[in-house]
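# Summary of structural features
Now for the letters of each chain:
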Amino acid sequence: MPLGASRRRQETRAPDNADALAALVVQDLDGNDVRLGDLWADRPVVLVWLRHYG
Amino acid sequence: MQLHRDRDKFEAAGVSLAVIGQGTPAHARDFIKANKVDGLRILVDPARESYEAAGAKIATVNELLGPRVVARGTTSALRTGLFQTRTRGHPAQLGGVLIVAPDGSVPYAHLADDASDNPPNDEVLRAAGRAAKSA
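Residues numbered from 1 in each chain as written. Chains lettered and ligands numbered in written order. Predicted model: local features only at pLDDT ≥ 70, side-chain atom pairs only at ≥ 80, totals over all residues.

So, about the overall build of chain B. Helix and strand counts for chain B stand at six helices and four strands. In chain B, the succession of helices and strands from N to C terminus is α-β-α-β-α-α-α-β-β-α. A separation threshold of at least 6 residues defines the contact pool for chain B, and within that pool the share at least 24 residues apart is 61%. (Helix = DSSP H or I, 4+ residues; strand = E, 2+ residues; numbered from the N terminus. Contact = placed C-beta atoms within 7 Å.)

The structure is reproduced here in C-alpha coordinates:
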(Lines give C-alpha, C1' and ligand atoms only; values in the text may rest on other atoms or scores of the structure.)
Protein backbone atom coordinates (compact mmCIF):
# COMPACT_ATOMS: atom_id res chain seq x y z
CA MET A 1 0.00 0.00 0.00
CA PRO A 2 1.22 3.53 -0.65
CA LEU A 3 2.69 5.25 2.41
CA GLY A 4 2.73 1.95 4.27
CA ALA A 5 -0.94 2.45 4.94
CA SER A 6 -3.16 -0.22 6.40
CA ARG A 7 -5.46 -2.06 3.98
CA ARG A 8 -8.14 -2.38 6.58
CA ARG A 9 -9.43 0.27 8.91
CA GLN A 10 -7.91 -0.21 12.36
CA GLU A 11 -9.40 0.69 15.70
CA THR A 12 -7.37 2.52 18.33
CA ARG A 13 -6.89 0.65 21.60
CA ALA A 14 -6.42 3.01 24.52
CA PRO A 15 -4.95 1.10 27.47
CA ASP A 16 -6.77 0.84 30.83
CA ASN A 17 -3.46 1.33 32.59
CA ALA A 18 0.10 2.18 31.66
CA ASP A 19 1.69 -1.13 32.67
CA ALA A 20 2.78 -2.01 29.13
CA LEU A 21 4.17 1.47 28.61
CA ALA A 22 6.05 1.78 31.89
CA ALA A 23 8.90 -0.59 31.07
CA LEU A 24 9.54 0.74 27.57
CA VAL A 25 12.73 2.67 27.00
CA VAL A 26 12.99 5.57 24.57
CA GLN A 27 15.78 8.09 23.99
CA ASP A 28 16.16 11.74 24.76
CA LEU A 29 17.77 14.24 22.40
CA ASP A 30 21.25 13.28 23.56
CA GLY A 31 20.62 9.60 22.95
CA ASN A 32 20.25 8.76 26.65
CA ASP A 33 17.79 6.04 27.59
CA VAL A 34 14.61 7.19 29.32
CA ARG A 35 12.28 4.67 30.95
CA LEU A 36 8.74 5.82 30.24
CA GLY A 37 7.50 4.85 33.71
CA ASP A 38 9.82 7.44 35.22
CA LEU A 39 7.84 10.19 33.49
CA TRP A 40 4.80 9.77 35.76
CA ALA A 41 6.54 8.67 38.97
CA ASP A 42 6.01 12.00 40.74
CA ARG A 43 3.05 13.65 39.05
CA PRO A 44 0.73 13.06 36.12
CA VAL A 45 2.16 13.43 32.66
CA VAL A 46 0.52 14.34 29.37
CA LEU A 47 2.16 12.10 26.78
CA VAL A 48 1.81 13.22 23.18
CA TRP A 49 2.72 10.82 20.38
CA LEU A 50 3.44 12.75 17.22
CA ARG A 51 2.30 11.46 13.88
CA HIS A 52 5.65 12.41 12.44
CA TYR A 53 8.05 15.29 12.64
CA GLY A 54 7.51 16.94 9.38
CA MET B 1 -0.78 18.57 17.31
CA GLN B 2 -0.57 21.86 19.11
CA LEU B 3 -0.35 20.81 22.74
CA HIS B 4 3.35 21.64 22.91
CA ARG B 5 2.48 25.30 22.45
CA ASP B 6 0.62 25.24 25.77
CA ARG B 7 3.42 23.69 27.79
CA ASP B 8 3.33 26.49 30.38
CA LYS B 9 -0.37 25.91 30.96
CA PHE B 10 0.20 22.22 31.62
CA GLU B 11 3.01 23.00 34.05
CA ALA B 12 0.72 25.46 35.83
CA ALA B 13 -1.96 22.76 36.04
CA GLY B 14 0.50 20.52 37.91
CA VAL B 15 1.31 18.00 35.20
CA SER B 16 4.33 17.41 32.99
CA LEU B 17 4.24 17.36 29.23
CA ALA B 18 6.36 15.01 27.15
CA VAL B 19 6.30 14.58 23.39
CA ILE B 20 7.31 11.31 21.74
CA GLY B 21 8.26 11.17 18.09
CA GLN B 22 9.21 8.33 15.80
CA GLY B 23 12.35 9.81 14.29
CA THR B 24 15.93 10.15 15.44
CA PRO B 25 17.28 12.71 17.95
CA ALA B 26 18.41 14.82 14.96
CA HIS B 27 14.84 14.86 13.63
CA ALA B 28 13.60 15.88 17.06
CA ARG B 29 16.07 18.75 17.20
CA ASP B 30 14.81 19.95 13.83
CA PHE B 31 11.25 19.75 15.15
CA ILE B 32 12.17 21.91 18.15
CA LYS B 33 13.86 24.46 15.94
CA ALA B 34 11.02 24.59 13.41
CA ASN B 35 8.33 24.89 16.09
CA LYS B 36 10.22 27.18 18.47
CA VAL B 37 9.61 24.94 21.46
CA ASP B 38 12.97 25.11 23.26
CA GLY B 39 12.94 23.26 26.54
CA LEU B 40 10.10 20.96 25.56
CA ARG B 41 10.69 17.42 26.80
CA ILE B 42 10.92 15.49 23.58
CA LEU B 43 11.75 11.82 23.26
CA VAL B 44 12.30 9.56 20.30
CA ASP B 45 11.07 6.05 19.63
CA PRO B 46 12.19 5.00 16.14
CA ALA B 47 10.99 1.42 16.78
CA ARG B 48 7.51 2.80 17.59
CA GLU B 49 7.04 0.33 20.46
CA SER B 50 5.43 3.01 22.60
CA TYR B 51 2.97 3.84 19.82
CA GLU B 52 1.87 0.23 19.84
CA ALA B 53 1.61 0.11 23.64
CA ALA B 54 -0.36 3.36 23.65
CA GLY B 55 -2.87 1.81 21.26
CA ALA B 56 -2.21 4.17 18.35
CA LYS B 57 -3.07 2.85 14.93
CA ILE B 58 -1.78 2.70 11.37
CA ALA B 59 -4.02 4.71 9.07
CA THR B 60 -5.60 3.65 5.82
CA VAL B 61 -4.94 5.80 2.75
CA ASN B 62 -8.33 7.42 3.23
CA GLU B 63 -7.50 8.23 6.84
CA LEU B 64 -4.32 9.94 5.68
CA LEU B 65 -5.52 11.74 2.59
CA GLY B 66 -9.33 11.52 2.50
CA PRO B 67 -11.70 14.49 2.30
CA ARG B 68 -12.11 14.80 6.08
CA VAL B 69 -8.35 15.04 6.51
CA VAL B 70 -7.96 17.50 3.68
CA ALA B 71 -10.78 19.62 5.06
CA ARG B 72 -9.67 19.56 8.67
CA GLY B 73 -6.07 18.53 8.86
CA THR B 74 -4.01 19.58 5.96
CA THR B 75 -5.09 23.17 5.91
CA SER B 76 -4.58 23.46 9.65
CA ALA B 77 -1.17 21.86 9.38
CA LEU B 78 -0.14 24.17 6.59
CA ARG B 79 -1.31 27.16 8.55
CA THR B 80 0.72 26.27 11.62
CA GLY B 81 3.78 25.17 9.70
CA LEU B 82 3.96 21.86 11.51
CA PHE B 83 4.43 19.86 8.34
CA GLN B 84 6.97 21.98 6.55
CA THR B 85 9.48 19.30 5.84
CA ARG B 86 9.35 15.88 4.36
CA THR B 87 7.83 12.99 6.22
CA ARG B 88 10.12 11.12 8.60
CA GLY B 89 9.33 7.79 10.12
CA HIS B 90 6.34 5.64 9.21
CA PRO B 91 4.05 7.92 7.18
CA ALA B 92 0.85 6.08 8.12
CA GLN B 93 1.54 5.87 11.85
CA LEU B 94 -0.98 7.96 13.73
CA GLY B 95 -0.39 9.43 17.17
CA GLY B 96 -2.44 10.40 20.16
CA VAL B 97 -2.51 11.70 23.70
CA LEU B 98 -2.61 9.82 27.01
CA ILE B 99 -2.55 11.22 30.51
CA VAL B 100 -0.89 8.83 32.94
CA ALA B 101 -1.19 9.30 36.71
CA PRO B 102 1.47 8.27 39.26
CA ASP B 103 -0.54 5.14 40.11
CA GLY B 104 -0.27 4.05 36.47
CA SER B 105 -3.91 4.72 35.66
CA VAL B 106 -4.84 6.39 32.37
CA PRO B 107 -7.54 8.96 33.17
CA TYR B 108 -7.58 10.43 29.66
CA ALA B 109 -6.94 9.04 26.21
CA HIS B 110 -7.44 10.46 22.75
CA LEU B 111 -5.87 8.37 20.01
CA ALA B 112 -6.10 9.75 16.51
CA ASP B 113 -8.71 8.12 14.29
CA ASP B 114 -7.32 9.78 11.20
CA ALA B 115 -4.48 12.16 10.36
CA SER B 116 -6.56 15.24 11.22
CA ASP B 117 -7.90 13.96 14.54
CA ASN B 118 -6.29 15.93 17.38
CA PRO B 119 -7.99 16.64 20.71
CA PRO B 120 -8.74 20.28 21.56
CA ASN B 121 -6.11 21.72 23.89
CA ASP B 122 -8.81 22.86 26.32
CA GLU B 123 -10.15 19.33 26.68
CA VAL B 124 -6.69 17.94 27.47
CA LEU B 125 -5.95 20.81 29.86
CA ARG B 126 -9.15 20.18 31.80
CA ALA B 127 -8.36 16.47 32.04
CA ALA B 128 -4.82 17.30 33.15
CA GLY B 129 -6.14 19.56 35.89
CA ARG B 130 -8.44 16.81 37.17
CA ALA B 131 -5.59 14.29 37.10
CA ALA B 132 -3.32 16.62 39.07
CA LYS B 133 -5.98 17.19 41.73
CA SER B 134 -6.63 13.50 42.28
CA ALA B 135 -2.95 12.47 42.13
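Tallying secondary structure elements over chain A gives one helix and three strands in all. Reading the helices (α) and strands (β) of chain A from amino to carboxyl end gives α-β-β-β. If one aligns the C-alpha atoms of chain A with their principal axes, the spans along those axes are about 40 × 30 × 15 Å. In chain A, buried positions account for 30% of the 54 residues. (Buried ≥ 20, exposed ≤ 12 C-beta atoms within 10 Å, placed from the backbone.)

Counting residues at the interface gives 70 residues for chain B and 45 residues for chain A. Secondary-structure elements contributing two or more residues to the side of chain B that touches chain A are strand S1 (16–21), helix H2 (25–35), strand S2 (41–44), helix H3 (49–54), helix H4 (61–65), strand S3 (96–100), strand S4 (108–111) and helix H6 (121–134) of chain B. Of the residues contributing to the side of chain B that touches chain A, the split by class is 42 nonpolar, 20 polar and eight charged. Here five bridges tie strand S3 (residues 45–49) of chain A to S3(B), and the two strands are oriented antiparallel to one another. Looking at the pairing, A:Leu47 lines up with B:Leu98 of S3(B). (Nonpolar A, V, L, I, M, F, W, Y, C, P; charged D, E, K, R; others polar. Pairing = 2+ DSSP bridges.)

Further remarks concern the environment of B:Val19. The residue B:Val19 is located in strand S1 in this model. The sequence separation of B:Val19 and B:Lys133 amounts to 114 residues, and the corresponding C-alpha distance is 22 Å.

With that settled, the discussion passes to the pairing of S4(B). Residues and elements named next belong to chain B. Residues Tyr108 and His110 point to one face of S4 and Ala109 and Leu111 to the other, with burial holding for every one of them. Where S3 and S4 come together, four bridges link them in antiparallel fashion. Note on S4: the bridge partner recorded for Leu98 is Ala109.

Residues and elements named next belong to chain B. Among the residues of H2, those classed as buried are His27, Ala28, Phe31 and Asn35. Along the axis of H2, the buried positions cluster into a sector of 100 degrees, meaning they face one direction only. Facing away from the buried side of H2 by more than 90 degrees, the exposed set consists of Ala26 and Lys33. Looking at the packing, one finds that the buried side of H2 touches S1 and S2. Positive backbone phi, at 55 degrees, marks Lys36, one or two positions downstream of H2. (Arc of directions from axis to C-beta.)

Attention now moves to H6(B). All names here are of chain B. End to end, H6 covers 20 Å across 14 residues, agreeing with the expected 20 Å (1.5 Å per residue, within 8%). Turning to H6, its buried residues are Val124, Ala127, Ala128 and Ala131. All buried residues of H6 lie within an arc of 105 degrees about the axis, which places them on one face of the element. Seen from the buried face of H6, the exposed residues on the opposite side, beyond 90 degrees, are Asp122 and Lys133. (Expected span 1.5 Å × (residues − 1).)

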